[in-house]
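Read off the chains here:
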Amino acid sequence: MKAAVVGLGIGMAHAAGYLESPDAELYAVCDLLPHRLQRVGGTFDSGSMLCLKQLFDEALLTKTWQEIGVKIFTDIDLLLADPEVELVSICTPDFLHAEHAEKVLKAGKHLLLEKPADIDLDAAKRIRTAIQDSGCRFGLGYEFRVNPAIEKLRELRISGVIGEVRAISLHHFRTPFKHDKWNNWIQQRVFSGGLIVEETCHWIDLVRFLSGKEIDSIHCTADSGILPETDFEDAVFINGTYREGGVFQIAHILTGFDFDLKIAVHGSQGTLWCALKDEPYSILDNGETSYCGLVVAGQPGMAREKVQRWTWGLEATEPWNIRELVKRVAESAAQGVEPPAGIQDGIESLRWAIKARECTI
Ligand SMILES: NC(=O)c1ccc[n+]([C@@H]2O[C@H](COP(=O)([O-])OP(=O)(O)OC[C@H]3O[C@@H](n4cnc5c(N)ncnc54)[C@H](O)[C@@H]3O)[C@@H](O)[C@H]2O)c1
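Heads up: these notes are all about the structure in this document. Residue indices begin from 1 for each chain and proceed along its sequence in written order. For this predicted model, a pLDDT threshold of at least 70 governs which residues receive local features, and a threshold of 80 or more governs which side-chain atom pairs are given and counted, while totals over whole chains, interfaces and linings are taken from all residues.

### As for the site of the ligand
Part 1 of the reasoning: Neighbouring the ligand are 25 residues, the closest being Gly7, Gly9, Glu114, Lys181 and Trp182.
Part 2 of the reasoning: Classes in brief: Ala, Val, Leu, Ile, Met, Phe, Trp, Tyr, Cys and Pro nonpolar; Asp, Glu, Lys and Arg charged; the others, Gly included, polar. For the shell around the ligand, the class distribution of residues is twelve nonpolar, four polar and nine charged.
Part 3 of the reasoning: Counting contributing residues per domain, the shell around the ligand is built from domain 1 (2–141 + 320–341) and domain 2 (144–316 + 351–358), each supplying no fewer than three. For each residue, a C-beta atom is placed from the backbone, and the residue counts as near a molecule or strand when that atom lies within 6 Å of it. How far each domain reaches was decided by an automatic or database domain assignment.

### As for the pairing of strand β1 (residues 2–6)
Part 1 of the reasoning: Across the five residues of β1, four count as buried, placing the element largely inside the fold.
Part 2 of the reasoning: Paired strands, as defined in this entry, are two strands with at least two bridges between them according to DSSP. For helices the rule is a DSSP run of H or I covering at least 4 residues; for strands it is a run of E covering at least 2, with both sets numbered from the N terminus onward. Bridge analysis of β1 against strand β2 (residues 25–30) gives five bridges, and the strand direction is parallel. What sits directly across from Ala4, in β2, is Ala28.
Part 3 of the reasoning: Relative to strand β4 (residues 87–90), β1 is paired through four bridges, and the arrangement is parallel. If you follow Ala3 over to β4, its bridge partner there is Leu87. With C-beta atoms placed from the backbone, a residue is buried if 20 or more other C-beta atoms are within 10 Å of its own, exposed if 12 or fewer are, and partly exposed between those counts.

### A look at the nonpolar core
Part 1 of the reasoning: Nonpolar core, as used here: buried Ala, Val, Leu, Ile, Met, Phe, Trp, Tyr and Cys residues forming one set through C-beta atoms within 7 Å. Core analysis: the largest hydrophobic core is formed by 105 residues, its most contacted members being Ala4, Val29, Leu111 and Leu153.
Part 2 of the reasoning: Two domains each donate at least three residues to this core, and these are domain 1 (2–141 + 320–341) and domain 2 (144–316 + 351–358).
Part 3 of the reasoning: Leaving out residues up to four positions away in the same chain, Leu111 has contacts with Val88, Ile90, Ala101, Val104, Leu105, Cys136 and Phe138. Two residues qualify as a contact pair if the distance between their C-beta atoms, derived from the backbone, is within 7 Å.

### What to know about helix α7 (residues 148–159)
Part 1 of the reasoning: What a helix should span is 1.5 Å times the count of its residues minus one. End to end, α7 covers 16 Å across twelve residues, agreeing with the expected 16 Å (1.5 Å per residue, within 8%).
Part 2 of the reasoning: Listing the buried residues of α7 in full gives Ala149, Ile150, Leu153, Leu156 and Arg157. The buried side chains of α7 occupy one side of the element, clustering within an arc of 125 degrees when seen end-on. Of the exposed residues in α7, those oriented more than 90 degrees away from the buried face are Glu155, Ile158 and Ser159.
Part 3 of the reasoning: Looking at the buried positions of α7, the neighbouring elements they touch are β7 (165–173), α9 (194–211), β11 (260–267), β12 (270–277), β13 (293–298) and β14 (308–312). It is the directions from the helix axis to the C-beta atoms that the arc portrays.

Laid out in structure tokens, this is it:
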């Protein structure tokens, strides 16, 4: 299956996925910025995408795209007019998602769309209609669903080891958004939807994915007083309830100095605990642990030696997860299996993100 990537920021992780996929080949890339289209390593000169460099063979980085047999485009319409293209990753800024997704589907190509589905709920629903009309396969960029630690949490929950999920708490502490995005789109609510729509959507997706339950109500308090450069919330606290019973809580802070994600899934018979970092020896734990992903499963009062523990290395970090998601969506497009996340997951998480944001403005 011949694949193309539109938008070469995080789109570079998509390119790495297609280069590795047994179901797809990287056929073309498309961007507006000349330096991203010159050398394969062009994106990595500017900072926030540096963590993706490790997904590529060093020797590839100094080559031009043409030298490695990949076509380049500056116009998405010309790319989509190429009959060879069968599968497209849309990795453009959030406010362009529905517009670009509809173009891809109308051209009859399978689609992998980065999150959020869009910043507007009606636009996201239009994508759902376009998928139905086109008959094409679709996957959404919720890569935490294929993080091995998150997959372990879900597998343990489904096995029944903690009984019924009654409460989930998720805490994410991260560094501010960088200033090297195209036209600084991410710092402006009108282009990114703000923190809750842009990124908390991942965590709203995970509280659904990990519980197997649908959200019934949501409440949010937020503050925007720490970072001067964004025109939206930088500290977000969400509480919610599930339709099938139980509660969840999300804390999401954009003003940190490292990456830290903690999730606890409390069931009627036990608890699952998970920690994710983005490097094995983190400043947050004084460099004392060597994992990037940790899952611990136990029950109240259990002897310490009976508590189970699993760890993962770099494969539990975001760059690896995005590359893995791309491979799974290529497999889904080529072989008709279900993708890790679909448009309904995008719509549900966006619907609740917008409802949460409404409490704050
Ligand atoms: N799944 C994840 O965890 C994850 C992580 C980072 C970013 N993202 C998502 O990926 C998307 C892109 O984010 P980013 O950080 O890479 O931003 P970015 O600004 O670094 O990259 C976007 C690229 O799109 C290009 N572009 C804009 N309009 C275009 C057009 N009409 N045709 C062709 N190219 C166009 C820009 O030139 C730019 O290079 C966003 O939706 C973001 O939410 C997802």
